[in-house]
Amino acid sequence: MSVLNETHDPALQSWVESANHATTDFPVQNLPFGVFRPQGSGDAFRGGVAIGDQIVDLVALQAAGLYDGLAAGALDACTDTSLNRFMGMGAQAWSALRLALSRSLRSGSAHEATVRACLLPQAQAEYALPARIGDYTDFYTSIHHATNIGRLFRPDNPLMPNYRWVPIGYHGRSSSLNVSGTDFKRPQGQIKLPEAEQPVFGPCRRLDYELEVGVFIGTGNPQGQPVPMAEAEAHVFGLCILNDWSARDIQAWEYQPLGPFLSKNFASTLSPWIVTLEALAPYRSAWSRPEGDPQPLPYLDSARNRSEGGFDLQLEVLLETAQMRKQGQAPFRLALSNFDHSYWTVAQMVAHHTVNGCNLQPGDFLGSGTMSGPQPGSEGALIERTQGGKEPVVLENGETRTFLEDGDRIIMRAWCQNDRTRRIGLGEVSSTVLPA
Ligand code: CA
């Protein structure tokens, strides 16, 4: 069982006023980690923890010398320009620092005056990727997405027979992963139109987003030593939101026989905060297989995975066009989905990734794959929502979209909410498409 402890108590309040608002993503029960610096300062990036609309500067906090033991060692690791060293310390260290921070940030803490001096408003911060990501693997764990996409690319054979047995994935590229707010140019490449004999070269015409959950690996495994299901989650530091931008026309022409290449590696954008698995403990959900589907092979199965391998994590996609921005209109919701639609769990991704002896390292990054649900309105990509570009989305202001246009900004948000405990969120990721 995921253990709930005093840091999850829904009654906890913080002396940081904004952390007590009902709608904040970052109450004292959350305490996500990221890497930031004061905007425009040119200072070194350093670790931070989000609380309400503020950030606790972990370099300043370390200088205050409030903690000792494992929490002090963990805090020291967070003063680096990336969180890799902290991630590699393991779950006990992550938990010790979380507990110390929780106690310092609670209403009535004797640390209030000291920690208040370590705060920076999030509005005055700029972010970097929270870790140096050595390797990036993108999975394909929503069976609804796999079926919808398969139907468009192969109408006669939408879901490949291996899908229900193997957590499908491919090795992505880490150099083009960016933190939220990093805009990117529309990619160019080879495009072969269905009726044409030969491809043409030019800007992508079918640019799309993919709504995904990102998984940061904490402790790694030695090469040759698979991580069993029972230990898989202990290797996971936490989750963020991932927009895996995709060039559908380039993809359609290049993907056979070796899978996606230039259609996927021009940009992917991550939310700046990583919410730890410990913070997500109150939002775990049971995992099961639909009636009639094969059960997982033993190396992908465990009692704990069945009882609470999933996450009840709501996922949302919003679009703000250049016209909407100019006219001050609110972004338009394109999709609402949930990580619970995943056919394979985070633990199964880790166990499968390492079963052949492949080694993961601190800061490695896994994408869940586009997290579409079964209902209309839960499609995690435009290609599904518009039936391959055949049925445009009509926005509130009358504009239409089949795929993304220059100036479009995509915003993704994620949060956990039920009536038993405190709402927490992953924040948001946003980025704008620039002309080619
Ligand atoms: Ca993807």
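Residues numbered from 1 in each chain as written. Predicted model: local features only at pLDDT ≥ 70, side-chain atom pairs only at ≥ 80, totals over all residues. Heavy atoms only, no water.

Side note on the coordination of the calcium ion
For step 1, the next point in the chain: Binding of the calcium ion to the protein goes through D138 (OD), E210 (OE), E212 (OE) and D244 (OD), at separations of 2.2 to 2.3 Å.
For step 2, the next point in the chain: Donor residues binding the calcium ion come from one chain and are separated in sequence as D-x71-E-x1-E-x31-D. Residue D138 is located in strand β6 (residues 136-139), and its partner D244 is located in the loop between β14 (236-243) and β15 (246-247); the two are separated by 106 residues in the primary sequence. (Donors = N, O, S within 2.8 Å, 3.2 Å for Na, K, Ca; no water. Helix = DSSP H or I, 4+ residues; strand = E, 2+ residues; numbered from the N terminus.)

Considerations on the pattern of salt bridges
For step 1, the next point in the chain: Taken as a whole and judged by the stated rule, the model has 28 salt bridges.
For step 2, the next point in the chain: We note a salt bridge from R409 to E320, for which the minimum N-O separation is 3.6 Å. Separated by 89 residues along the polypeptide, R409 in strand β25 (residues 409-416) and E320 in strand β20 (residues 314-320) bring together distant segments of the chain.
For step 3, the next point in the chain: Take E320: its relative accessible area is 10%, and that puts it in the buried class.
For step 4, the next point in the chain: Put simply, R401 and E399 hold a salt bridge, and the shortest N to O gap is 3.5 Å. The burial state of R401 is the same as that of E399; both residues are buried.
For step 5, the next point in the chain: Residues joined by salt bridges that share partners form a network here, namely D208, E210, D244, R248 and K264. (Salt bridge = Lys/Arg side-chain N within 4 Å of Asp/Glu carboxyl O. Buried < 20%, exposed > 50% of the residue type's maximum accessible area, 1.4 Å probe, protein only.)

Examining the domain arrangement of the protein chain
For step 1, the next point in the chain: Here the domain parsing of the protein chain yields domain 1 (6-128) and domain 2 (136-434).
For step 2, the next point in the chain: The centre of domain 1, based on its C-alpha atoms, is set 28 Å off from the matching centre of domain 2.
For step 3, the next point in the chain: Of the residues lining the interface, 32 residues belong to domain 1; the matching set on domain 2 comes to 28 residues.
For step 4, the next point in the chain: Overall, the association of domain 1 and domain 2 removes approximately 2,400 Å² of surface from exposure, summing both partners, and the carbon and sulfur fraction of that is 63%.
For step 5, the next point in the chain: It is H8, M87 and W94 that lose the most area in domain 1 upon contact with domain 2, and together they represent 25% of the buried surface on that side.
For step 6, the next point in the chain: Counting across the domain 1 and domain 2 interface gives 2 salt bridges.
For step 7, the next point in the chain: We note a salt bridge from R423 to D25, for which the minimum N-O separation is 2.7 Å.
For step 8, the next point in the chain: Of all the secondary structure elements, the ones that give two or more residues to the side of domain 1 that touches domain 2 are β1 (33-38), β2 (46-51), α3 (84-87), α4 (91-105) and β5 (125-128).
For step 9, the next point in the chain: Split into classes, the residues belonging to the side of domain 1 that touches domain 2 amount to 16 nonpolar, 14 polar and 2 charged. (Domains from an automatic or database assignment. Contact = heavy atoms within 4.5 Å. Buried area = accessible area lost by both parts, 1.4 Å probe. Nonpolar A, V, L, I, M, F, W, Y, C, P; charged D, E, K, R; others polar.)

Some thoughts on the packing of aromatic side chains
For step 1, the next point in the chain: This structure, assessed with the given rule, holds 14 aromatic pairs.
For step 2, the next point in the chain: Centroid distance F86 to F237: 5.5 Å. Interplanar angle 80 degrees. Geometry classified as edge-to-face. Taken together, the positions of F86 in helix α3 and F237 in strand β14 put the pair 151 residues apart, joining distant regions of the chain.
For step 3, the next point in the chain: Pairing Y140 with Y163 gives two aromatic rings, centres 6.1 Å apart and planes at 75 degrees, and the pair type is edge-to-face. Of this pair, Y140 sits in the loop between β6 and α6 (143-153) while Y163 sits in the loop between α6 and β7 (169-171); the two residues are 23 residues apart in sequence, bridging distant segments of the chain. (Phe/Tyr/Trp six-rings, centres within 6.5 Å; stacked < 30°, edge-to-face > 60°.)

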